[in-house]
Every structure is written in structure tokens, then in C-alpha cells.
Amino acid sequence: MNNITYTDSKGNVGVLSTVAIQELTDNLALTVHDSGKTILVGVDAKAVTLPPTKKGLKFTFVNTGDAGNNIIKVSPAATDGISGTVGAVTLDGTVNKAAQNTKSTSKTGDNITIVGTGNAGAKAWIVISGTGVWAKEA
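Calculation criteria
- Residues numbered from 1 in each chain as written.
- Predicted model: local features only at pLDDT ≥ 70, side-chain atom pairs only at ≥ 80, totals over all residues.
- Heavy atoms only, no water.
- Pairing = 2+ DSSP bridges.
- Helix = DSSP H or I, 4+ residues; strand = E, 2+ residues; numbered from the N terminus.
- Buried < 20%, exposed > 50% of the residue type's maximum accessible area, 1.4 Å probe, protein only.
- Polar contact = N/O pair within 3.5 Å; in protein donor to acceptor, adjacent residues only side chain to side chain.
- Contact = heavy atoms within 4.5 Å.
- Lys, Arg positive; Asp, Glu negative; His and termini not counted.
- Salt bridge = Lys/Arg side-chain N within 4 Å of Asp/Glu carboxyl O.

Visitor: So what exactly am I meant to see when it comes to the pairing of strand β10 (residues 89-92) here?
Guide: Note on strand geometry: in a regular strand, side chains alternate between the two faces of the sheet. Pairing analysis gives four bridges linking strand β9 (residues 80-86) to β10, with the strands arranged antiparallel. In the sheet register, Val-86 faces β10, and the bridge partner there is Val-89. With antiparallel pairing between neighbouring strands as the criterion, β9 and β10 make up a hairpin whose turn holds two residues, including Gly-87 at a positive phi of roughly 60°.

Visitor: Whenever I open this one, the side chain of Asn-101 confuses me. Can you help?
Guide: Tracing the chain through its elements places Asn-101 in strand β11 (residues 99-101). You can call Asn-101 buried: its relative accessible area is 0%. A polar atom in the side chain of Asn-101 sits 3.1 Å from the side chain of Asn-63. In this structure Asn-101 touches Asn-63, Asn-70, Ile-71, Ile-72, Ser-106, Asp-110, Val-133 and Trp-134, once residues within four positions along its chain are discounted.

Visitor: It is not clear to me how the environment of Ala-135 should be interpreted in this structure. Could you clarify?
Guide: Here Ala-135 is to be found in strand β14 (residues 134-136). On the basis of relative accessibility, which here comes to 26%, the residue Ala-135 falls in the partly exposed class. Excluding anything up to four places from it in sequence, Ala-135 contacts Val-89, Leu-91, Ala-98, Ala-99 and Gln-100.

Visitor: Is there a simple way to think about the side chain of Asp-80 in this case?
Guide: Within the secondary structure, Asp-80 sits in strand β9. No salt bridge is formed by the buried Asp-80. Its closest oppositely charged neighbour is Lys-54, at 8.9 Å. Of note is the side chain of Asp-80, whose polar atom sits 2.9 Å from the backbone nitrogen of Thr-53. Here Asp-80 is in contact with Pro-51, Pro-52, Thr-53, Thr-94, Val-95, Asn-96, Ala-120, Gly-121, Ala-124 and Trp-125, once residues within four sequence places are set aside.

Read these as geometric descriptors, not functional statements.
See the structure below:
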């Protein structure tokens, strides 16, 4: 993570923690060391593969591409699923099925944040926030 050092109006020095940001340009396999990152996805048809779930791992994915032009596919490990609600869509935690921001419904700024539970299966990854239309991989 990058930190920003600042001096306020009274001369006090402080440090702001910032979010580690990575721009996706190709398929990406995340590791536990990537936890906390925000992944910006501005290119079409690239897949992100999550590491096996571990309690407290957290990832955010943001569509930075043009509306109607970008598929974001977040794939869990073979024994893990992604559960939770994004907008009007509920992801049911089907094991080995990705959460997708589909091309026809994608909008710039659509996002999803997930956290690992450390328990393999349907609730390995839980959606804690998100916007846009996300669906379970068919």
C-alpha cells in the first residue's frame, strides 16, 4: 500500500493510508498478499482468479471501462463460492462459479467488494458491497 504523508495547518505531520490499486490489463491470479487491493478493470473479457478463501481477505473490483463494453469475471477457487446481494441480484454461492458484471449491463463504476470467510464452499466469499448488475457465471 502507498501512504501519503501530510502536514496540517498547525504543522502536525500525519500519514494517510491509501488503498493499493492495480489496473487489470490481462488475466490475473490474486494471492493472499493482494488482499486489500482495489482492482480497476477497463479492458474486456479478462478474468480475475481469487486465491482459496482465508478469513479476512478482502478485494474490490471496479469497472473503469465504457458502459456496455466490459465483462468483469471474478472466479473463486474450485472449492469456493461467492454469496451475497448486489443490487437486485443475489449470488447463491455456487462453488466454482464466477461473479460477473456482464457486458450488456455493465456501466462505468460498477463494483463489487468481497471478503473471505476462511470456510470453503458456498459462503467462502461474501459480498459486502457493490453496485451494478452482477450475475453468477452460467
